[in-house]
Each structure stands twice: as structure tokens, then as C-alpha cells.
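# Observations on chain architecture
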Amino acid sequence: MNVTIVGAGFVGLVTASVLADFGNDVWVLENNTEKLGNLLKGKIPFYEPGLETLFLKNIKVNRLHLTSSYQEALAKTEVVFVCVGTPDKGGRVYLQYVYNATAGVARNLKESAIVVIKSTVPPGLNDEIERRMRKYTKVDFSLASVPEFLREGKAIEDTLHPYRVVIGAKEEETAQKLLALHEPITGERVICDPISAQMIKYASNAFLPTKISFANSIAVLCDQCGADVEKVLGGVGLDRRIGPDFLGAGVGYGGSCFPKDVAALIGFGRKKGYNFKILKAVQATNKEQVNYFLGKIKRLCGGSLKGKKITVLGLAFKPDTSDMRDASSLSVIAGLKEMGAKVTASDPVAIPFARRLIDGIEFVEDPYQALEGAEALVLVTEWNEYRSLDFSRVRKLMKSRIVIDGRNVYNRNMLEQQGFIYEGVGK
Ligand code: UGA
């Protein structure tokens, strides 16, 4: 099929590369000239395992094309995916990129096509998008919604093998064509109307952080009573009605999706006259979890961090990504600085991105070098290189042997045997 992707961001580039790899002819439209220039040179502006290879492979065989021209991108199109961002702006979902992109599509559409909203938008927005688009075109189009459920760091795998493919379409013919396009992708199919499709996306991205905040609350109680949160939630998760995933306690959730979508669903509820109290508690719990974690660091370091070197391992909001958006490291580092600590931070890929957001700290790529003379090691992002640190080497480098594990990845016995003071979250 001839496919157009509007927006060469994370979702757009992954979707484009995968659809091209299936044999479709894919045009990617990007209006940021600097970004487009880099992409034309084969440079992906962020780190995502496997993406660059897939992208370059499909450019090479001429199935993937890049342009800043709507006319060129839409010349033969049958299906257009709108993949532009819907960032949070002061507690509101900013929709202008979606309106601009869909207006651009409407103005340049030559023949009937399916326009799919892949951007995460409030349920029901398609009516407003359609009303605006019809002002610019007489060409017939069908507006659908196919939300994405991929995780950063696992984007290719999640796109090829998602738990489900949700197709929100008003017309049977549109649903069938989108089903055919998604044929090579595994996973259950959910066919519904666009509003329900958009609600599935919001509800999923609100339920998962609810599980995490619940796990973090249980972890705090485990700390108070001496239970082991991993055993506790491991046991809880064995109940198939609950499930084992996203019960990982730690320093809280971050990223470009959960914080934004929880806020958006609260806002959507407010507009509809509903006070979404559970989600407000999820937000508050996530914020408090960082303070709780900072309290641990302060206590373990003898009640004051003034002038002490604290090494933070991990800056990205999770491993295998360079994304710093709403990363827990940002609030942890801000809190450490406020308490007077001298912070050194390390990350395998996110340092250049973190530099733009954090000042007054030292960045060191090599974790061992970062730990030299440190009072405490604070793990915030569980990259594999930090999971497998050589602690017999680390113990010789640090000033005090204190490890505070914000992701519960280290083995207490092993560390205590080596003379470390160890604390996780709830274990
Ligand atoms: C999330 C969803 O998992 C995807 O399904 C969705 O498509 C995506 O948002 C999106 O809307 O685009 P992502 O933000 O990439 O994906 O990352 P996750 O793996 O879900 O992790 C989010 C945050 O939760 C991270 O900070 C992670 O450390 C934290 N987390 C995750 C926990 O604290 N505990 C857990 O048990 C799991």
C-alpha cells in the first residue's frame, strides 16, 4: 500500500520503518528542516535499539522516502498516519500540531484516502478534526484512530508483536483496509469506533501507572514493617486477575507518556464533569515517592548531604532510551542539589540530552569514574551496565560504601558481604 506518515518523531519513524519493511511504499513528512536534513543523512535524533538499522535498510531499497512537502508525501497515498506530538502544556493537551498536520493533509489530498490519528488525543477529538478538515477539501476521506502501544527501548518489538491492534473506524470498509495493512503484525484485534479506540489508549496509559503507584505505596509499607516488596508483589502478581507486570516498586514512573496521559485523563474527566480521584492520587503518590527516596538517601548518609558527593547512575526515564522527558532522575537530582549534595551523574546514552536540562552537576560517562570518592551510589535507571557493576571494584573507589537502589535490582546479601550498606525501596 502507499502510506504517508506525518511527523518523524518517535512513533512516526518506528511506524514508517516497520510498514516499509512489510513492503509498503512509505513517505515520511517532516517540516522541521534540521531534523529532516539529519534524517536524510541517515541520522536518527534519538536512541532506540534496532531502529536505525531498519530505517536505513528501507531507505536503501527505496521503500522509505522523506520529504517536507505535503504534495509529494500525499501524491499516491491510500493511508495517512498522523503521528505528531500532543504534549502537555500547563496541564492541558496541546492539540495544535494535530490540527496543523490534519489541515495540511486536507489541503493537499488529491484522492480519497484513510486518515488515521495515531497521536494520543482526547476521546472524541476526531469529530472536531473532521469538521476542520472538511473546510479545506472536497476530496472524500475517512478519519480513523489506531492508537500505538509501543514502549520506548522496545519499540520495534512492540510494533511487530503488540498485545493488541486497536482499530477505531466508523466504516466497515475502512476497518477492513486497516486490518489488511496491519496483517503482518501479531496480537489480538480490537475493532471499535474511534472514540472507544482513543479511550482504550488513555485508559491503558492511566491504568499502568496506577499499578506502579500502588506498588510504590505497598513498598513504603513494606519498609515500615520489614516485609520484602518483591516477595509481596511477586506473590500478589501470581493472581492472574492482577498480573505480574508493572508492579515494580522504585523511585516512580516517568517518560513522555504516563505523566502526560494521566494528567490528560484527569483533565478530560474534569471537562466531562467527572472528578477522577484515583488518578489524582496516582499522580500525588508518584511525586511523593521521589521525596520518600530522597529521605532515604539523606538518612543513610548520616542526616545531611551538605558537600557530600552523591553519584546518580541513570538519567534516562528508563533503560534503552535517551529520553529525559519527566525522568525521575530530574527530580531526584533537583532534590539532592537542594540538600547541598555535590552530584555526579552517569548514563550510557542520555548525558547529551540531560546536559540541556540540568546544570550545576558533573556528568561522567564511565560509571566507575563517576563513583570515585562518592559517599553514596544512587541507582535511578536500571541500565544493564549498572545491574552488572563489578562491586569488588566499586568498593575500592567509593568513600563510603552506601548503595541506595531506586529500582530494586541489586542483591542485598552480595552487597552486604562486600561491606556495603544497602537499601532498596520496600526490600
Ligand atoms: C508506555 C506504555 O508502556 C506503552 O504501552 C505506551 O505505548 C507508551 O507509554 C506510549 O503511550 O507511547 P513507555 O513510556 O515507553 O511506554 O515506558 P514504560 O516501559 O511503560 O515505562 C514507563 C515508566 O514506568 C518508566 O519510568 C519506568 O521506569 C516506570 N515503571 C515501569 C516502573 O516504575 N515500574 C514498573 O513496574 C514498570
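Being a predicted model, the structure only gives us computed values, none of them experimental. (Residues numbered from 1 in each chain as written. Predicted model: local features only at pLDDT ≥ 70, side-chain atom pairs only at ≥ 80, totals over all residues. Heavy atoms only, no water.)

A few words on the overall build of the protein chain. On a plain count of helices and strands, the protein chain comes out with 18 helices and 16 strands. Scaling as 2.2 N^0.38, a compact globule of 427 residues should have a C-alpha radius of gyration of about 22 Å, and the protein chain matches this with 23 Å. Taking the principal axes of its C-alpha atoms as reference, the protein chain extends roughly 70 × 45 × 35 Å. Within the protein chain, the proportion of its 427 residues that are buried is 54%. Long-range contacts, defined as pairs at least 24 residues apart, comprise 71% of the intrachain contacts of the protein chain with a sequence gap of at least 6. On the protein chain, roughly 19,500 Å² of surface is accessible, and the fraction owed to carbon and sulfur atoms is 51%. Charge-centre separation for the protein chain: the mean point of 56 positive side chains lies 5 Å from the mean point of 48 negative side chains. (Helix = DSSP H or I, 4+ residues; strand = E, 2+ residues; numbered from the N terminus. Rg over C-alpha atoms; globule rule 2.2 N^0.38 Å. Buried < 20%, exposed > 50% of the residue type's maximum accessible area, 1.4 Å probe, protein only. Contact = heavy atoms within 4.5 Å. Areas by Shrake-Rupley, 256 points an atom, 1.4 Å probe, with all protein chains shown as cover. Lys, Arg positive; Asp, Glu negative; His and termini not counted. Charge placed at Lys NZ, Arg CZ, Asp CG, Glu CD.)

A separate point is the packing of aromatic side chains. Any aromatic ring pair is given by two values, namely how distant the centres are and how the planes are angled relative to each other. Counted by the stated rule, this structure contains seven aromatic pairs. Taken together, a centroid distance of 6.1 Å and an interplanar angle of 80° make the contact between Y253 and F258 edge-to-face. Judged by its relative accessible area of 8%, Y253 falls in the buried class. On the basis of relative accessibility, which here comes to 13%, the residue F258 falls in the buried class. Each ring, one from F391 and one from F420, has its centre 5.4 Å from the other, and the planes form 85°; the classification is edge-to-face. With F391 in helix α17 (residues 391–397) and F420 in the loop between α18 (412–417) and β16 (421–423), this pair connects stretches of sequence that are 29 residues apart. As far as the burial class goes, F391 and F420 line up, both buried. (Phe/Tyr/Trp six-rings, centres within 6.5 Å; stacked < 30°, edge-to-face > 60°.)

Residues L315, L336, L377 and Y410 are the most contacted members of the largest nonpolar core, which totals 57 residues. Looking at which element gives the most residues to this core, the answer is helix α12 (residues 277–300), with five residues. Sequence-distant contacts of Y410, that is, excluding residues within four places in its chain, are made with L313, L377, L379, Y386, R387, L389, F391, V403, D405, L415, Y422 and K427. (Core = buried A, V, L, I, M, F, W, Y, C linked by side-chain atoms within 4.5 Å.)

Once that is clear, we can look at the site of the ligand. Surveying the vicinity of the ligand reveals 19 residues, the closest of which are L150, E152, K201, N205 and G248. Between an oxygen atom of the ligand and a side-chain N or O atom of K318, the distance comes to 2.9 Å. When the ligand is considered free in solution it has 720 Å² of accessible area, and contact with the protein chains removes 90% of it. If one sorts the elements of the shell around the ligand by residue count, helix α9 (residues 194–225) sits on top with three residues. For the shell around the ligand, the per-class residue count stands at nine nonpolar, four polar and six charged. (Near = heavy atom within 4 Å. Polar contact = N/O pair within 3.5 Å; in protein donor to acceptor, adjacent residues only side chain to side chain. Nonpolar A, V, L, I, M, F, W, Y, C, P; charged D, E, K, R; others polar.)

What follows covers the side chain of H182. Looking at the element boundaries, H182 is found in the loop between α8 (172–181) and β10 (188–192). Excluding its chain neighbours within four sequence positions, the residues that come into contact with H182 are F81, V146, V165, I167 and R189.

Take the environment of G314 next. Tracing the chain through its elements places G314 in the loop between β11 (309–313) and α13 (328–338). We classify G314 as buried; its relative accessible area is 0%. Sequence separation of G314 and T381 is 67 residues, and the distance between their C-alpha atoms is 4.2 Å. When sequence neighbours within four positions are dropped, the list of residues in contact with G314 reads S329, S346, D347, V380, T381, W383 and Y386.

With that settled, consider the state of the cysteines. Applying the stated criterion to the full structure yields zero disulfides. No disulfide involves C192; its sulfur sits 18 Å from the nearest other cysteine sulfur, which is in C83. Here C225 stays unpaired: no disulfide links it, and the sulfur of C222, its closest cysteine neighbor, is 5.5 Å away. (Disulfide = S-S within 2.5 Å.)

The next thing to look at is the pairing of strand β15 (residues 402–405). Along any regular strand, the residues point their side chains to alternate faces of the sheet. Burial along β15 is two-sided: the residues I402 and I404 and V403 and D405 are all buried. Judged from the four bridges that link them, strand β14 (residues 376–379) and β15 form a sheet pairing that is parallel. By the bridge assignment for β15, A376 is matched with I402. Of the strand pairs in this sheet, β15 and β16 are connected by three bridges, and their pairing is parallel. In the sheet register, V403 faces β16, and the bridge partner there is Y422. (Pairing = 2+ DSSP bridges.)

Look at N62: it is not a glycine, yet its phi comes out positive at around 65°. Among the structural elements, N62 can be located in the loop between α3 (51–60) and β3 (64–67). Under the relative-accessibility criterion, N62 is labelled exposed at 52%. Within the chain, D326 stands out as a residue other than glycine whose phi angle is a positive 50°.

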